[in-house]
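Listed here are the chains, written in short residue letters.
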Amino acid sequence: MDITFMFETMKTLLAALPMTLALFSLSVFFGGLLALVIVWMRVSGNTIARNFAKGYIFVFRGSPLLIQMFLIFYGLGQFGFIRYSFLWPALREPFVCAVLSLALCTAGYTAEIFRFGLRAIPAKEIEAARSVGMSGFLLTRRILAPIAFRHALPAYSTEVVMMVKSTALASLVTVWEVTGVAQRLISQTYRTMEVFLCAAAIYLILNFLILQAMALLEYKLTPHRRAAPLFPVPQR
Amino acid sequence: MTPTTLNQTGTTMAGTTRLSVRNIRKSFGTHEVLRGISLDARDGDVISLLGASGSGKSTFLRCINLLEIADHGEISVDGELIQMEQRGGKNVPANRRQVDRIRSELGMVFQSFNLWSHMTILENVIEGPVHVLKRPRAECIAEAEVLLEKVGIAEKRNAYPAHLSGGQQQRAAIARSLAMKPKVMLFDEPTSALDPELVGEVLRVMRSLAEEGMTMLVVTHEMSFARNVSNRVIFMKSGEIDSDGAPDQLFGSGGSPSFRQFIGNFGG
Ligand SMILES: Nc1ncnc2c1ncn2[C@@H]1O[C@H](COP(=O)(O)OP(=O)(O)OP(=O)(O)O)[C@@H](O)[C@H]1O
Ligand SMILES: [Mg+2]
């Protein structure tokens, strides 16, 4: 192997890492916010909201992300009301289209993950909260969301890792993130193996760090599931 | 705590009515579980609710703090009537805020403790005062520590519910209720889920609450508690009050034949 070439390749690819990270963090952030809205609609008593959420989840989970991205990138401009709206300057940007489609897609998955988290909350703990006078937003903020989030965390970290990998698709709508830059390098050098190996290493390290962070978060949030280290065994 | 009038005999003594229930009815489908129950609890009353399984004791307690909504009847807590209205042919609370407030004034202790498993014992106890009553956190922590001391689990303040024995969890749940400074405490078989050797520690806490003048409504199968701690015993049968009176009177000779048969099963 050509160490200098690998080194140069790494440098070039790492220069595109901020773009990958921007795609990832913006889409996870906005996708997460949207997921909260979708799951709220999904579990609400309102039939229209619930069915809208069901339809949303069906569409965005059921169709390929790449097609969603192409539809947004090539398709939106065909609608006059979008083309002539104030949003067009933004929606014309490949980066905005990529973030938009990544966020819309992850929102569908994340909404389902959060919903399973909600269903795992013990009814008795909700009842206890009601009996001290909690309801509505307070109940959600203090009891429902914290318990649901803890239950959802393992599945959610899988989704987050999927999102890191999904950012690679943005190269197909001309966003120069790590994979896109790798392909450009290959077309210039024809050294497929070395370049893609470097790219894969970057994704692996990135995902390793993210998984470690998620595992640490889960560890911090669930001391109640571990044996009590500081306390003597309860005398029974 | 509230000024206390210890009412040992169950006869009407001067004292504020803390809880008043008028003619509560409740059906699940076609099954009528409560068939018109009325009850007044005065300040410091300790009322034991006895009855066979399925007689509607839990449903009655849950109707009082609106975890179940009665189909019919009126409930007042400390003189405040809970507003109800008819909506879609059903009896529902008219004012959610009032429901939340009333619930915060009624302490509920469940058979299976129902502590929030992701919070430490101390966090469980201060949760209501800090977030429902919106009181200063430091003050709530100081009070919580006194309460935990009182129920005998001060050293468990930073432990999680899963790390406590059943008896300790139930005492923590009692402390959590007390932290809200309730006007009336409702207990639904607080010792039924406990191993026999852990029952005593919970009953001792309940007894000391009774002696301090807490108004308590206790569903229980502990005959010794009903006899020796409460000042009034109500025996429910098929959703109705069958016998109602001072423990001496009922356990003496005053109880109905059904009551006699019921306590006979406990070797009473
Ligand atoms: N949510 C519900 N839906 C349908 N039926 C119910 C419901 N809750 C209680 N019931 C029924 O109402 C009746 C009274 O139940 P309840 O739990 O009040 O009895 P209980 O006196 O507390 O009995 P136990 O001593 O076993 O706790 C029972 O027949 C029960 O099956
Ligand atoms: Mg019961």
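Residues numbered from 1 in each chain as written. Chains lettered and ligands numbered in written order. Predicted model: local features only at pLDDT ≥ 70, side-chain atom pairs only at ≥ 80, totals over all residues. Heavy atoms only, no water.

In the annotation of an unreviewed UniProt entry, the entry for chain A reads ABC transporter permease subunit, and the organism field reads Rhizobium herbae.

A. View of the overall build of chain A. Each helix and strand counted, chain A has 10 helices and zero strands in total. Over its C-alpha atoms chain A spans a radius of gyration of 22 Å, topping by over 25% the 18 Å that the globule rule assigns to 236 residues. With the principal axes as the frame, chain A shows a C-alpha extent of 70 × 55 × 25 Å. Buried residues in chain A amount to 46% of all 236 residues. (Helix = DSSP H or I, 4+ residues; strand = E, 2+ residues; numbered from the N terminus. Rg over C-alpha atoms; globule rule 2.2 N^0.38 Å. Buried < 20%, exposed > 50% of the residue type's maximum accessible area, 1.4 Å probe, protein only.)

B. The arrangement of the packing of helix H8 (residues 247-254) of chain B against helix H9 (residues 257-264) of chain B in detail. Residues and elements named next belong to chain B. Between H8 and H9, the shortest axis-to-axis distance is 10 Å and the interhelical angle comes to 95 degrees. In this view, H8 runs roughly perpendicular relative to H9, as classed from their interaxial angle. Taking contact as the criterion, the partners of Leu 250, Phe 251, Gly 252, Ser 253 and Gly 254 in H8 are, on H9, Phe 259, Arg 260 and Ile 263. Of the residues assigned to the contact of H8 with H9, the class counts are four nonpolar, three polar and one charged. (Axes fitted to C-alpha atoms, helices over the stretch in contact; angles between N-to-C directions. Parallel < 35°, antiparallel > 145°, perpendicular 65-115°, else oblique. Contact = heavy atoms within 4.5 Å. Nonpolar A, V, L, I, M, F, W, Y, C, P; charged D, E, K, R; others polar.)

C. Representation of the site of ligand 1 within the structure. Residue and element names in this part refer to chain B. For ligand 1, the set of nearby residues contains 13 residues, the closest of which are Ser 53, Gly 54, Lys 57, Ser 58 and Thr 59. Between an oxygen atom of ligand 1 and a main-chain N or O atom of Gly 56, the distance comes to 3.0 Å. Lys 57 is positioned such that a nitrogen or oxygen atom in its side chain is 2.8 Å from an oxygen atom of ligand 1. Alone, ligand 1 offers 640 Å² of accessible surface; in the complex the protein occludes 61% of this. Elements with a minimum of two residues in the shell around ligand 1: strand S2 (31-42) and helix H1 (57-64). In terms of residues, the shell around ligand 1 owes the most to one element, H1, which gives three residues. Looking at the shell around ligand 1 residue by residue, the classes come out as three nonpolar, eight polar and two charged. (Near = heavy atom within 4 Å. Polar contact = N/O pair within 3.5 Å; in protein donor to acceptor, adjacent residues only side chain to side chain. Areas by Shrake-Rupley, 256 points an atom, 1.4 Å probe, with all protein chains shown as cover.)

D. Spatial organisation of the side chain of Lys 26 of chain B. Residues and elements named next belong to chain B. Take Lys 26: it is sitting in strand S1 (residues 17-28). Despite its burial, Lys 26 pairs with no opposite charge, the nearest such side chain being Asp 71 at 4.1 Å. A polar atom in the side chain of Lys 26 sits 2.9 Å from the backbone oxygen of Ile 69. The contact partners of Lys 26, leaving out residues within four places of it in the chain, are His 31, Glu 32, Val 33, Leu 34, Thr 59, Cys 63, Glu 68, Ile 69, Ala 70 and Asp 71. (Lys, Arg positive; Asp, Glu negative; His and termini not counted. Salt bridge = Lys/Arg side-chain N within 4 Å of Asp/Glu carboxyl O.)

E. Structural context of the state of the cysteines. All names here are of chain A. Counting across every chain of the model gives zero disulfides over all chains. Of all cysteine sulfurs, the one in Cys 105 lies closest to Cys 97, which takes part in no disulfide; the gap is 15 Å. Looking at Cys 97, the relative accessible area reads 0%, which means it is buried. (Disulfide = S-S within 2.5 Å.)

F. Structural context of helix H3 (residues 121-132) of chain B. For H3 of chain B, which comprises 12 residues, the first-to-last C-alpha distance of 17 Å matches the rise-based estimate of 16 Å (1.5 Å per residue) to within 8%. When you tally the buried positions in H3 of chain B, you get 11 out of 12 residues, the bulk of the element. Buried residues of H3 of chain B: Ile 121, Leu 122, Asn 124, Val 125, Ile 126, Glu 127, Gly 128, Pro 129, Val 130, His 131 and Val 132 of chain B, and no others. Residues of H3 of chain B that are buried make contact with helix H8 (136-166) of chain A together with helix H2 (96-105), helix H4 (137-151) and helix H5 (166-178) of chain B. Positioned one or two residues after H3 of chain B, Lys 134 of chain B has a phi angle of 55 degrees, which is positive. (Expected span 1.5 Å × (residues − 1).)

G. A look at the UniProt feature "transmembrane region" (unreviewed entry) in chain A. All names here are of chain A. Sequence positions flagged by UniProt for "transmembrane region" (unreviewed entry) are, in local numbering, residues 20-43, 55-75, 95-114 and 195-217. Helix makes up 90% of residues 55-75 and strand 0%. Its end C-alpha atoms lie 20 Å apart. Overall, residues 195-217 shows 100% helix and 0% strand. The separation of its end C-alpha atoms is 33 Å. (UniProt positions renumbered as here; feature names shortened; annotations may be inferred.)

H. Examining the interface of chain A and chain B more closely. With 28 residues of chain A at the contact, the number on the chain B side is 34 residues. Regarding the contact of chain A and chain B, the summed buried area is about 2700 Å², with carbon and sulfur atoms giving 56% of it. Summed over the shared surface of chain A and chain B, the number is two salt bridges. Arg 62 of chain B is paired through a salt bridge with Glu 127 of chain A; the nearest N and O atoms lie 2.8 Å apart. Across the contact surface, chain A and chain B share nine residue pairs in polar contact (both at pLDDT 80 or more). Among the secondary structure elements, those contributing two or more residues to the side of chain A that touches chain B are helix H7 (123-131) and H8 of chain A. (Buried area = accessible area lost by both parts, 1.4 Å probe.)

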